[in-house]
Number of protein chains: 2
Amino acid sequence: MMDSALNTLLEYGIHPSVQRIAIMDYLQKHHTHPTVDEVYVALHQEIPTLSKTTVYNTLKLFAEQGAAQMLTIDERKVCFDGVVTPHAHFLCKDCGKVFDFPLSEEQMYVGCPTKESGFEITEAHVYYKGYCSECKKKRS
Amino acid sequence: MMDSALNTLLEYGIHPSVQRIAIMDYLQKHHTHPTVDEVYVALHQEIPTLSKTTVYNTLKLFAEQGAAQMLTIDERKVCFDGVVTPHAHFLCKDCGKVFDFPLSEEQMYVGCPTKESGFEITEAHVYYKGYCSECKKKRS
DNA sequence: TATAAACATGTAATTATTACAAGTGCAAAT
DNA sequence: ATTTGCACTTGTAATAATTACATGTTTATA
């Protein structure tokens, strides 16, 4: 059931624990770009002893190890994405939903500082903002 | 002196006030990607009655009107950029500094959802993260 | 099973941000 | 010039997100 989550943790050199597996499993099954709070509220049901601090620590760890992405597209809240293959994100300024958009690795890193610049790049994010089709209708 | 700031406000349809002009002037003269607090602390000297709420309101207004950019590259703090022409941003994970990198409008919007998708795009941000040349040296 | 290291927990503190009500000052109209 | 209204600013208080830290628990290994 949670084998995929466990494997992902091992793959990224993260020591597995009940909580970490559950959180990774949640990320992999819910592509809703959840916040810390959303993950906490959802998992608190199954694991009543889970603390919010653990969710903070764990998601931060995942992001540091490259097992998940930390998204800062919405200034009001940080959210997370279990999909680490290259893609872009879109934030609707009306409903606040975050959408995925296809973008190749090549496109993500177009114009990115090269090694010669002396900068070492570890991640790239492409964020679009505007209005999703649903909200666009409502507004007109 | 602050004519450029005043003109920018008028250009973006923002009613000028002493505070708004001073804040825009600060943004235009300091390309340091300041936070609300940094702007507040700096200007509080010249304008002792300036309140932090006003800085919040004003920078938010600038961003909404397109007269400045709100950057969410650093999850720890929102910062602002008075340069609204297309370019990318780089955050050093060690020292926390934000650097500008050249990027054409075309490159910024590579792979961006088209009108046919039903999405309306109002802004795009390209963020890189890693280690700047200074910090890279220290780490090795 | 003893021990140490790694993890998780909960509370409290901190910080960033927003809400809101009251005050101020400019600008148009009389 | 004076009044009136509106936009803007202010300060305080509330809210929400995040972090620090000390304690407790689990896990792995000898």
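The shown structure was predicted, so the numbers you read here are calculated from the model rather than taken from an experiment.

1. Focus on the protein's contact with DNA strand D
In step 1: Not every one of the 13 residues close to DNA strand D is listed here, only the nearest: B:His15, B:Ser17, B:Arg20, B:Thr49 and B:Thr54.
In step 2: Here, DNA strand D places atoms within 4 Å of the protein, and 72% of those atoms are sugar or phosphate.
In step 3: One nitrogen or oxygen atom from the main chain of B:Leu50 is found 3.4 Å from a phosphate oxygen belonging to DNA strand D.
In step 4: Here a phosphate oxygen of DNA strand D sits 2.7 Å away from a polar atom, N or O, in the side chain of B:Thr54.
In step 5: Those elements giving two or more residues to the surface near DNA strand D turn out to be helix H4 (52–65) of chain A together with helix H2 (18–29) and helix H4 (52–65) of chain B.
In step 6: Examining the composition of the surface near DNA strand D, we find that three residues originate from one element, H4(B), more than from any other.
In step 7: When its residues are assigned to classes, the surface near DNA strand D shows three nonpolar, nine polar and one charged.

2. Points about the sheet that holds strand S4 (residues 98–102) of chain A
In step 1: Spatial strand order, S4(A)-S3(A)-S5(A)-S5(B)-S3(B)-S4(B): six strands in an open sheet with mixed pairing. Each of the sheet's edge strands pairs with one partner strand only, and the pair in question is S4 of chain A together with strand S4 (98–102) of chain B. Geometrically, the sheet is characterised by an average inter-axis angle of 30° between neighbouring strands, direction not taken into account.
In step 2: Bridge analysis of strand S5 (residues 120–131) of chain A against strand S5 (residues 120–131) of chain B gives 11 bridges, and the strand direction is antiparallel.

3. Some details on the protein's contact with DNA strand C
In step 1: Taken together, 13 residues sit near DNA strand C, with A:His15, A:Ser17, A:Thr49, A:Thr54 and B:Tyr56 positioned nearest.
In step 2: Restricting the count to atoms of DNA strand C within 4 Å of the protein gives a sugar and phosphate share of 72%.
In step 3: The separation between a phosphate oxygen of DNA strand C and a polar main-chain atom of A:Leu50 is 3.4 Å.
In step 4: Within the backbone of A:Ser51, one N or O atom sits 3.2 Å away from a phosphate oxygen of DNA strand C.
In step 5: Secondary-structure elements contributing two or more residues to the surface near DNA strand C are helix H2 (18–29) and H4 of chain A together with H4 of chain B.
In step 6: Counting residues per element, the surface near DNA strand C draws most heavily on H4(A), at three residues.

4. Description of the side chain of A:His33
Residues and elements named next belong to chain A.
In step 1: Relative to the elements of secondary structure, histidine 33 occurs in the loop between H2 and helix H3 (36–46).
In step 2: At a separation of 3.5 Å, a polar atom in the side chain of histidine 33 contacts the side chain of aspartate 81.
In step 3: A distance of 2.9 Å separates a polar atom in the side chain of histidine 33 from a polar atom in the side chain of aspartate 100.
In step 4: If we skip the residues at most four places from it in the chain, histidine 33 touches Glu38, Leu71, Cys79, Phe80, Asp81, His89, Val98, Phe99 and Asp100.

Basis of the calculations
- Residues numbered from 1 in each chain as written.
- Chains lettered and ligands numbered in written order.
- Predicted model: local features only at pLDDT ≥ 70, side-chain atom pairs only at ≥ 80, totals over all residues.
- Heavy atoms only, no water.
- Near = heavy atom within 4 Å.
- Polar contact = N/O pair within 3.5 Å; in protein donor to acceptor, adjacent residues only side chain to side chain.
- Helix = DSSP H or I, 4+ residues; strand = E, 2+ residues; numbered from the N terminus.
- Nonpolar A, V, L, I, M, F, W, Y, C, P; charged D, E, K, R; others polar.
- Pairing = 2+ DSSP bridges.
- Axes fitted to C-alpha atoms, helices over the stretch in contact; angles between N-to-C directions.
- Contact = heavy atoms within 4.5 Å.

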